[in-house]
Amino acid sequence: DYVINIGRLKDRDYAYLEQEMRQITDLCHQAGAVSKVIFENCYLTGDEKCAMCEIALAVGPDFVKTSTGFGSGGATLDDVRLMKRQVGDKIKVKAAGGIRTLDSALQMIEAGAERIGSSASVKILGEFCRLRQE
């Protein structure tokens, strides 16, 4: 996982962002590792999120990710939908940040997330197991 350079995005330095993403993604893939690009969406506009998705489509990381979980906001359904709409089936979407219940995790999956990042995963799995027992 790595977080994009938000300052460079605010400066619209797309060439830098693409080069950075390509270098990190290539290193990950050469090492057999999964590459996840974190946008930290709480700090970005819709246009900036779309621009990063376009760069990701040109580069080919394995995942685009909503947030680190340490910013001022986490994953939102609107962000997951936007990212999925932009990258389609070419790149997977990971929703992270603020997902604390089974219901919110399932909503993120329905919106297009293929992976969930949550510090409440044990609680979420407990909810899932209880539902399966009912």
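Please read these numbers as outputs of a predicted model, since none were measured by experiment.

Q: Kindly report on the pattern of salt bridges, identifying the contributing residues and their values.
A: Scanning the entire structure with this criterion turns up 10 salt bridges. Between Lys-10 and Glu-48 there is a salt bridge, and its shortest N-O distance comes to 2.8 Å. Of this pair, Lys-10 sits in helix H1 (residues 6-10) while Glu-48 is found in helix H3 (residues 46-59), placing the two residues 38 residues apart along the sequence. One salt bridge connects Arg-81 with Asp-78, and the closest N-O pair in it is separated by 3.4 Å.

Q: So what about the packing of aromatic side chains? Which residues, and what values?
A: The full count for this structure, using the stated rule, is zero aromatic pairs. Between Arg-8 and the ring centre of Tyr-16, over which it is positioned, the NZ or CZ distance is 3.9 Å.

Q: How would you sum up helix H4 (residues 77-87)? Please name residues and give values.
A: Among the residues making up H4, those that are buried are Asp-79, Val-80, Leu-82, Met-83, Lys-84 and Val-87. The elements touched by buried residues of H4 are H3, strand S3 (63-65), strand S4 (92-96) and helix H5 (102-111). Once H4 finishes, Gly-88 follows within two positions and takes phi at roughly 60°, a positive value.

Q: Please provide a residue-by-residue account of the packing of H3 against H4, values included.
A: One way to put it is that H3 packs onto H4 with a least axis distance of 9 Å and a crossing angle of 35°. In this structure, H3 crosses over H4, and the sense of that crossing is right-handed. Seen from H3, the contacting residues are Lys-49, Cys-50, Cys-53, Glu-54 and Leu-57; seen from H4, they are Asp-79, Leu-82, Met-83, Gln-86 and Val-87. The class makeup of the residues in the contact of H3 with H4 is six nonpolar, one polar and three charged.

Q: How would you explain H3 if you had to name every residue and give the values?
A: The end-to-end C-alpha separation of H3 is 20 Å, in line with the 20 Å expected for 14 residues at 1.5 Å each. Looking at the packing, one finds that the buried side of H3 touches H1, helix H2 (14-30), S3 and H4.

Q: So what about the environment of Met-21? Which residues, and what values?
A: Turning to its location among the elements, Met-21 is positioned in helix H2. With 31 residues separating them in the primary sequence, Met-21 and Met-52 have C-alpha atoms 9.9 Å apart. Setting aside anything within four residues of it in sequence, one finds Met-21 in contact with Tyr-2, Val-37, Met-52, Ile-55, Ala-56, Val-59 and Pro-61.

Q: Just give me the short version of unusual backbone geometry, but keep the residues and values in it.
A: Positive phi, normally seen in glycine, also occurs at Arg-12, with a value near 60°. As for its placement among the helices and strands, Arg-12 is situated in the loop between H1 and H2. When its relative accessible area of 63% is taken as the criterion, Arg-12 is described as exposed. For Glu-40, which is not glycine, the phi torsion reads 60° and is therefore positive. For Glu-40, the location among the structural elements is in the loop between strand S2 (36-38) and H3. Since its relative accessible area comes to 5%, Glu-40 is described here as buried.

Reading the values: the criteria
- Residues numbered from 1 in each chain as written.
- Predicted model: local features only at pLDDT ≥ 70, side-chain atom pairs only at ≥ 80, totals over all residues.
- Heavy atoms only, no water.
- Salt bridge = Lys/Arg side-chain N within 4 Å of Asp/Glu carboxyl O.
- Helix = DSSP H or I, 4+ residues; strand = E, 2+ residues; numbered from the N terminus.
- Phe/Tyr/Trp six-rings, centres within 6.5 Å; stacked < 30°, edge-to-face > 60°.
- Lys NZ or Arg CZ within 6 Å of the ring centre and 35° of its normal.
- Buried < 20%, exposed > 50% of the residue type's maximum accessible area, 1.4 Å probe, protein only.
- Contact = heavy atoms within 4.5 Å.
- Axes fitted to C-alpha atoms, helices over the stretch in contact; angles between N-to-C directions.
- Left-handed = near helix turned anticlockwise from the far one by under 90°.
- Nonpolar A, V, L, I, M, F, W, Y, C, P; charged D, E, K, R; others polar.
- Expected span 1.5 Å × (residues − 1).

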